[in-house]
Amino acid sequence: MVSRSKYEEIQSIRLIGTLLFFTAGSLAAEDVAQTVALHQSSLDMIWLLLAASLVFFMQAGFAMVEIGLTRAKNSGNIIMKNLMDFSVGALFYWAIGWALMYGSSVSGLFGFSQFFILEADSTLFRDWMFQVVFAATAATIVSGAMAERTKFSAYLVYSMILSAIIYPISGHWIWGGGWLGNLGFHDFAGSTVVHSVGGWAALMGTLALGPRIGKYVRKGKIVTSKAIPGHNLPLASLGVFILWFGWYGFNAGSTLSGTDLSMATVAVTTTIAASAGAIGSMAISWKLFKKPDVSMSLNGALAGLVGITAPTAVVTPTGALIIGLVAGLLVVLSVEFIDKKLHIDDPVGAISVHGVCGVWGTIAVGLFGATDSVKGLFYGGGFGQLIVQSIGALSVAAWVMITTGILFFAIKKTGGLRVTESEELQGLDLSEHNGEAYSGFQIFTTM
Amino acid sequence: MVSRSKYEEIQSIRLIGTLLFFTAGSLAAEDVAQTVALHQSSLDMIWLLLAASLVFFMQAGFAMVEIGLTRAKNSGNIIMKNLMDFSVGALFYWAIGWALMYGSSVSGLFGFSQFFILEADSTLFRDWMFQVVFAATAATIVSGAMAERTKFSAYLVYSMILSAIIYPISGHWIWGGGWLGNLGFHDFAGSTVVHSVGGWAALMGTLALGPRIGKYVRKGKIVTSKAIPGHNLPLASLGVFILWFGWYGFNAGSTLSGTDLSMATVAVTTTIAASAGAIGSMAISWKLFKKPDVSMSLNGALAGLVGITAPTAVVTPTGALIIGLVAGLLVVLSVEFIDKKLHIDDPVGAISVHGVCGVWGTIAVGLFGATDSVKGLFYGGGFGQLIVQSIGALSVAAWVMITTGILFFAIKKTGGLRVTESEELQGLDLSEHNGEAYSGFQIFTTM
Amino acid sequence: MVSRSKYEEIQSIRLIGTLLFFTAGSLAAEDVAQTVALHQSSLDMIWLLLAASLVFFMQAGFAMVEIGLTRAKNSGNIIMKNLMDFSVGALFYWAIGWALMYGSSVSGLFGFSQFFILEADSTLFRDWMFQVVFAATAATIVSGAMAERTKFSAYLVYSMILSAIIYPISGHWIWGGGWLGNLGFHDFAGSTVVHSVGGWAALMGTLALGPRIGKYVRKGKIVTSKAIPGHNLPLASLGVFILWFGWYGFNAGSTLSGTDLSMATVAVTTTIAASAGAIGSMAISWKLFKKPDVSMSLNGALAGLVGITAPTAVVTPTGALIIGLVAGLLVVLSVEFIDKKLHIDDPVGAISVHGVCGVWGTIAVGLFGATDSVKGLFYGGGFGQLIVQSIGALSVAAWVMITTGILFFAIKKTGGLRVTESEELQGLDLSEHNGEAYSGFQIFTTM
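Residues numbered from 1 in each chain as written. Chains lettered and ligands numbered in written order. Predicted model: local features only at pLDDT ≥ 70, side-chain atom pairs only at ≥ 80, totals over all residues. Heavy atoms only, no water.

When you go through chain A residue by residue, the secondary structure sums to 15 helices and four strands. Structurally, chain A occupies a C-alpha span of about 90 × 55 × 45 Å along its principal axes. Per-residue burial over chain A gives 68% buried out of 447 residues. Across chain A, contacts joining residues at least 24 apart in sequence account for 75% of those joining residues at least 6 apart. About 13,200 Å² of surface is accessible on chain A, with carbon and sulfur atoms providing 67% of the total. Taking the average location of the 24 positive side-chain charges in chain A and that of its 25 negative ones, the two points are 16 Å from each other. (Helix = DSSP H or I, 4+ residues; strand = E, 2+ residues; numbered from the N terminus. Buried < 20%, exposed > 50% of the residue type's maximum accessible area, 1.4 Å probe, protein only. Contact = heavy atoms within 4.5 Å. Areas by Shrake-Rupley, 256 points an atom, 1.4 Å probe, with all protein chains shown as cover. Lys, Arg positive; Asp, Glu negative; His and termini not counted. Charge placed at Lys NZ, Arg CZ, Asp CG, Glu CD.)

Moving on, we come to the interface of chain B and chain A. Contact residues are listed per partner, giving 71 residues for chain B and 79 residues for chain A. Between chain B and chain A, the buried area comes to about 6,600 Å², and carbon and sulfur atoms account for 76% of it. Taken together, the links from chain B to chain A amount to zero salt bridges. Linking chain B to chain A there are six residue pairs in polar contact (both at pLDDT 80 or more). Where the side of chain B that touches chain A is concerned, the elements lending two or more residues are helix 1 (4-23), helix 2 (29-68), helix 3 (75-102), helix 4 (122-145), helix 5 (152-175), helix 8 (233-252) and helix 15 (428-433) of chain B. With 20 residues, helix 2 of chain B is the single largest residue contributor to the side of chain B that touches chain A. Class assignment for the residues of the side of chain B that touches chain A results in 42 nonpolar, 22 polar and seven charged. (Buried area = accessible area lost by both parts, 1.4 Å probe. Salt bridge = Lys/Arg side-chain N within 4 Å of Asp/Glu carboxyl O. Polar contact = N/O pair within 3.5 Å; in protein donor to acceptor, adjacent residues only side chain to side chain. Nonpolar A, V, L, I, M, F, W, Y, C, P; charged D, E, K, R; others polar.)

Moving on to the environment of Val133(C). Position of Val133(C) among the secondary structure elements: in helix 4 (residues 122-145). The class of Val133(C) is buried, set by a relative accessible area of 0%.

Now for the side chain of Ser334(C). Assignment of secondary structure puts Ser334(C) in helix 11 (residues 317-341). The class for Ser334(C) is buried, based on a relative accessible area of 11%.

This brings us to the pattern of salt bridges. All names here are of chain A. Under the counting rule described, the total for this entry stands at 24 salt bridges over all chains. One salt bridge connects Arg212 with Asp345, and the closest N-O pair in it is separated by 2.8 Å. Placement of the pair is Arg212 in the loop between helix 7 (191-209) and strand 3 (216-219) and Asp345 in the loop between helix 11 (317-341) and helix 12 (350-368), with a sequence separation of 133 residues. Assessed through its relative accessible area of 4%, Arg212 is described here as buried. For Asp339, the salt bridge goes to Lys215, with nearest N and O atoms at 3.6 Å. Placement of Asp339 in helix 11 and of Lys215 in the loop between helix 7 and strand 3 is noted, with a sequence separation of 124 residues between them. The pair Asp339 / Lys215 is uniform in exposure class, with both members buried. Members of the salt-bridge network, linked through shared partners, are Arg71, Glu148, Arg212 and Asp345.

With that settled, the discussion passes to the relation of the copies chain A and chain C. The two copies are related by a screw motion: chain A maps onto chain C through a turn of 120° and a shift of 0.0 Å along the axis, at an RMSD of 0.0 Å. These values place the two chain copies in the arrangement generated by a three-fold rotation axis. Looking at the rotation axis and the C-alpha trace of chain A, the residue lying nearest is Gln442(A), at 3.2 Å. The residues that chain A uses at the interface reappear at the interface of chain C in only 19% of cases, marking distinct surfaces. (Least-squares fit on C-alpha atoms with pLDDT ≥ 70 in both.)

What follows deals with the pairing of strand 4 (residues 222-225) of chain A. All names here are of chain A. With burial as the criterion, only one face of strand 4 is covered, namely that bearing Val223 and Ser225; the residues Ile222 and Thr224 on the opposite face remain uncovered. Where strand 3 and strand 4 come together, four bridges link them in antiparallel fashion. For Tyr216, the partnering residue across the bridge sits in strand 4 and is Ser225. Linkage of strand 3 to strand 4, two consecutive antiparallel strands, is achieved through a turn of two residues, within which Gly220 is found at a positive phi near 65°. (Pairing = 2+ DSSP bridges.)

Next up on the list: the packing of aromatic side chains. Counted under the stated rule, the structure contains 81 aromatic pairs over all chains. Measuring from centroid to centroid gives 5.7 Å for Trp247(B) and Phe250(B), while their planes differ by 45°, and the two rings are tilted. Residue Trp247(B) and its partner Phe250(B) are located together in helix 8, separated by three residues, close to a single helical turn. Since its relative accessible area comes to 0%, Phe250(B) is described here as buried. With a centroid separation of 5.5 Å and an interplanar angle of 25°, the aromatic rings of Tyr158(C) and Phe408(C) are classed as stacked. In this pair, Tyr158(C) is assigned in helix 5 (residues 152-175) and Phe408(C) in helix 13 (residues 384-413), connecting sequence segments 250 residues apart. The same class applies to Tyr158(C) as to Phe408(C), namely buried. When the ring centre of Tyr155(A) is taken as reference, the NZ or CZ atom of Lys81(A) above it lies at 5.2 Å. (Phe/Tyr/Trp six-rings, centres within 6.5 Å; stacked < 30°, edge-to-face > 60°. Lys NZ or Arg CZ within 6 Å of the ring centre and 35° of its normal.)

A word on the interface of chain A and chain C. Buried accessible area, meaning the area lost when the parts come together, often serves as the stated size of an interface. Between chain A and chain C, the contact holds 72 residues from the first and 79 residues from the second. Of the roughly 6,600 Å² buried where chain A meets chain C, counting both sides, 76% is carbon and sulfur surface. Inspection of the chain A/chain C interface yields zero salt bridges. Linking chain A to chain C there are six residue pairs in polar contact (both at pLDDT 80 or more). Listing elements by their share of the side of chain A that touches chain C, those giving two or more residues are helix 1 (4-23), helix 2 (29-69), helix 3 (75-102), helix 4 (122-145), helix 5 (152-175), helix 8 (233-252) and helix 15 (428-433) of chain A. Sorting elements by how many residues they give to the side of chain A that touches chain C places helix 2 of chain A first, with 20 residues. Looking at the side of chain A that touches chain C residue by residue, the class counts come to 42 nonpolar, 23 polar and seven charged.

Now for the nonpolar core. The biggest cluster of nonpolar side chains holds 456 residues, and the ones touching the most others in it are Tyr167(A), Tyr167(B) and Tyr167(C). Among the elements that make up this core, the one with the highest residue count is helix 2 of chain A (21 residues). Once you skip the residues sitting within four places of it in the chain, Tyr167(B) turns out to touch Tyr93(B), Met101(B), Phe134(B), Ala135(B), Ala138(B), Leu162(B), Trp175(B), Val193(B), Val194(B) and Val197(B). Core analysis: the second largest hydrophobic core is formed by six residues, Val32(A), Val36(A), Val32(B) and Val36(B) among them. (Core = buried A, V, L, I, M, F, W, Y, C linked by side-chain atoms within 4.5 Å.)

This brings us to the packing of helix 9 (residues 263-289) of chain B against helix 4 of chain C. Axes are the key here: two packed helices are described by the angle between their axes and the distance separating the axes. Across the interface, helix 9 of chain B lies against helix 4 of chain C with an axial gap of 8 Å and an inter-helix angle of 45°. Taken together, the axes of helix 9 of chain B and helix 4 of chain C are oblique relative to one another. Our pair here, helix 9 of chain B against helix 4 of chain C, has a crossing hand that is left-handed. Each of Ala264(B), Thr265(B), Ala267(B), Val268(B), Thr271(B) and Ile272(B) in helix 9 of chain B lies in contact with helix 4 of chain C, whose residues at this interface are Ser122(C), Phe125(C), Arg126(C), Trp128(C) and Met129(C). Here the contact of helix 9 of chain B with helix 4 of chain C is composed, by residue class, of seven nonpolar, three polar and one charged. (Axes fitted to C-alpha atoms, helices over the stretch in contact; angles between N-to-C directions. Parallel < 35°, antiparallel > 145°, perpendicular 65-115°, else oblique. Left-handed = near helix turned anticlockwise from the far one by under 90°.)

Let's shift gears to the confidence of the model for chain A. Residues and elements named next belong to chain A. The predicted model of chain A averages 93 in pLDDT, with 93% of residues at 70 or higher. pLDDT under 50 marks residues 16-27. Its contacts with residues more than four places away, or in other chains, come to 21 contacts. This complex was scored by the predictor with a pTM of 0.96 and an ipTM of 0.95. (pLDDT = per-residue confidence, 0-100.)

In this section: the relation of the copies chain B and chain A. When chain B is brought onto chain A, the operation consists of a screw motion whose angular component is 120° and whose axial shift is 0.0 Å, with 0.0 Å RMSD remaining. Taken together, the interface assignments show that only 20% of the residues at the interface of chain B recur at the interface of chain A, consistent with different surfaces on the two copies.

Another aspect to go through is a nonpolar patch on the surface. The grouping of Leu183(A), Phe383(A), Ile387(A) and Ile391(A) at the surface amounts to a nonpolar patch, some 370 Å² of accessible area in total. By the secondary structure assignment, Ile391(A) is in helix 13 (residues 384-413). (Patch = residues over 30% accessible without salt bridge, like charges linked within 9 Å, V, L, I, M, F, W, Y side chains within 5 Å.)

To continue, consider the side chain of Ser191(B). All names here are of chain B. If you trace the backbone, Ser191 turns up in helix 7 (residues 191-209). The buried category is assigned to Ser191, whose relative accessible area is 0%. Among the polar contacts listed, one links the side chain of Ser191 to the backbone nitrogen of Ala310, at a separation of 2.7 Å.

As structure tokens, this is what we get:
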């Protein structure tokens, strides 16, 4: 089939055939069945491919948020990390990741078949496409927390192993037919599977790296946290809008079917939780800092989105409002606590947004679940679902912290995880990539 | 239903069931009916949710346009206004707005039921989702005209009331079963309902605020208008491309049905009008200023889009060409007139783009309408449609100008609408939000 | 039909009618046929309109890539070129282009009917919509290679003629029922039809213009190429992510049918090739320049995408991996060769990305084609397909180079193609458009 006009011929022949057939008045049951079944497959296909495209676009959102909230001198490096997160991640999720996540289950612990998705039909291709963009999201989350000081080569190794092994295995537990799913754990679109995995890996990465130079100043016993403001809030805000946009694919696409009309509920609860998250963070930042803070409010929208990701399909709009609002408050308190009390340096707040609010969203299923199959504490479901959700959140946290802990330790002991002090001060764009991101602009180089 | 693999099981059981059933040869009429009816609902659902997502993404477009066309020192504030426009607007449109717009009509004047869209099914959720993004668009339009000098808290109050009350009521008149719709007023996707509402509110906001410091310089009786150039045209252009992209959801989605094939006509007339608008503005700016002006041409594309929004489904491509071209000329003349003659300070040209071209598009229905049900003056329909369109445009203008006039007056008399002179000179990012948008960049602070 | 509520009434009446009818138990074959046929049309319509919207959005991607990889002083000019590419191109593709491409074939050489797509039905409108965004893509590619020194008026003339005549004629050969298509030439989504046309036109444009001032420095017989770094890598990376996102519409939409399930294969091979391209370019730049280069890696992703565009539907994931990887290596070698050896100044690498990798993708069909109808050399298909692909690539290259060569020569001899030296040094934003793109930012003006 070589030319478009030929494609069109074929299509019109097929369609005319169908019509002639129908209008001939002699309705053969098998042919109707075939056409209607094809439409079912097509609805699923169109829905999932477009949703996957939206989720892919979230990569741009993550890149813009991280670039915007850090310093100009590391922007090129962030681009590379985000581009390679997806590129390396996609190839490894093709070779290994899918097989460990969705292959035949070995005792509910991991999958083990369909490596390289060989002999795939269009349904398997479709499902891989929808899943690979989720895997890449998990990897990208970590990038922000490790920004401005990580060796690029070390980052590549981490990214590869997360996409190939760590993410798929806990993913298998929940979505691949594994033990947590069988226990009744509910995570509709990935508060735990995707976001908390990214969040906990981010925590371990940050701990392994230590803070950026100049971030914490010690005078005697007193440690002061210095703000290192981002260099491009417009890009950060664009990133948040892109992420929110893509989240409609992320959450609503997770119906996994183009004819599951609950996608409307999902879109509505997602919208309300994100809005409430932004408002919650704005309000608490206004109270704490006397002014409504821009980057906190942006993170609040993301917090609401992460929080609603698990419960989106099983809660009411009112439930979504509360979940989002709490996520918005939580993210600000968590960012402040991690920075000011724990002195852990997370440049973009990834641990709080994805880790803390990922757990919150997971727990919220057990509180606000309002459907027959998933009924939370506040809707007369007792503690059952809540306990299962907690087991899931804890198990995945333990799995990710242990494995990424080992991983970052191993990288540190072999190739090294962090750039040198002079490279960090110079900025990773020059030291790691031999270029500048904003050539020609006058930029202050102190800090 | 807890794990994905289970979802898939269910889905495959359902599908296999259908197929078995069909291929069994005993075609039961009710089952075919059910499946085909589900496909109808699914086509509508997928179409409207994806269109809604595209319209949501226009928020990013509005933010980038406004940021790009104003000064660096107010970028963070613009982000906050746009983020909160949507967030606050969505919650109030959920609580009140939808009920006033689409609830049971009280004498054709406003709706009054379905507050908080309680007891919603998936169809109502879907329709709310598609409408909330339109409501937020109207609110956001005003932001640009009031940029660089409005108190953030005052803006929040305005935004809330517009989304909750003002927009829904005139919307009810036209789309909710109200008196204008019953009169035969045609506004397919919102030249009047959305854009002119935003435009007139923008006019009143700007009048209530007065011009930015330094914008108009008086020497005796002569007032000179000083250009205050935008600080980031690449972002402004990105914003325009995002808006144009989103407009395919805005206009084509307004078929409100996934099986209304006139969506193709809508996409084509939208494309042609936007193109003609950009060319029209470029041409007239070239003539007036001796050079083709970048921000005028960008606004020209938006003008063409606003102009085609009402008539998009009822005009020919040639009609769309003329409508877009006229919108492109009009927007430049209007921007110049409002600035140079009326000395009204509208930093991004929102009154001209959305108000003037919104009215133009509304009138254009009565001139270029080319269908049986909507036939304009130039297509043998006489003055009938034209008169109805004019009545609609005027009524909505009066409604919005009176209500927002009162609103801005009330805000002025209570909390205050405008920041202090020193806050304005310092920039709203520092004075209202305690931060900078471009930390590290060397920026000229004079003006 | 004037108000939304009325639309909804109609829709619900229709649906209820259908349901009543079905559930009445008396299944009339013609009515089922009508509904199912409407669903077929709707699936095609939704798929193609959404894909077209995604491809439209690629305009933003091209603009951001070109802006990001060139100097700040020409950003406004680039915006104008990209905006007008589409706007002028769309109107001329409406008036003439479509007719020459898809009108009734005159001896397989060009089409000649349907000018101004008069008397179009929704199918023709749909098809035009999907094609116009492809035509605009071809025109936009050239912009990057001719950046920073081309007269704006000259660019408008070029852009108009490419969209109206040059692109449609070679397009007709392949997709419009012309001689190449009939020969069995396979170009699924346009490696040759779109990208190589842009690439070869870019080559001729660059040759006609000569290099930018200061790009090549001669000392005696030795010519040194000076790097002129781009001013905004974050925007360039955003552009690449937007292009990649849009490419899912570009490639998967090219099934031209919403029920052709091979769209999943297309999405998967597109993803894998793009990822492999980015990795390939990163790897070779790491080897050649000792550091992984940011803009090379970004171009590598685009190279992989261009390369997979022709073969995307007929290759395996493994085939896609190799095609993308080779494209990623090729683009770096080609950029270096064109710059350092040929001393041709292509600011963004458009010739290499779209021309060289467009040809590579076209040839790759003859190597990696793995379906019954398109079988390549490596899959037991012999040299047949490979020869046809080579004929196609060469014919289109010759056609475009000759016609654009004449075109640029004619422009040079009449209105002039290049700005003056002082205009170029000043920057095209000031000299051609009387404005600045980054007002208020301190920018170094040397170079």
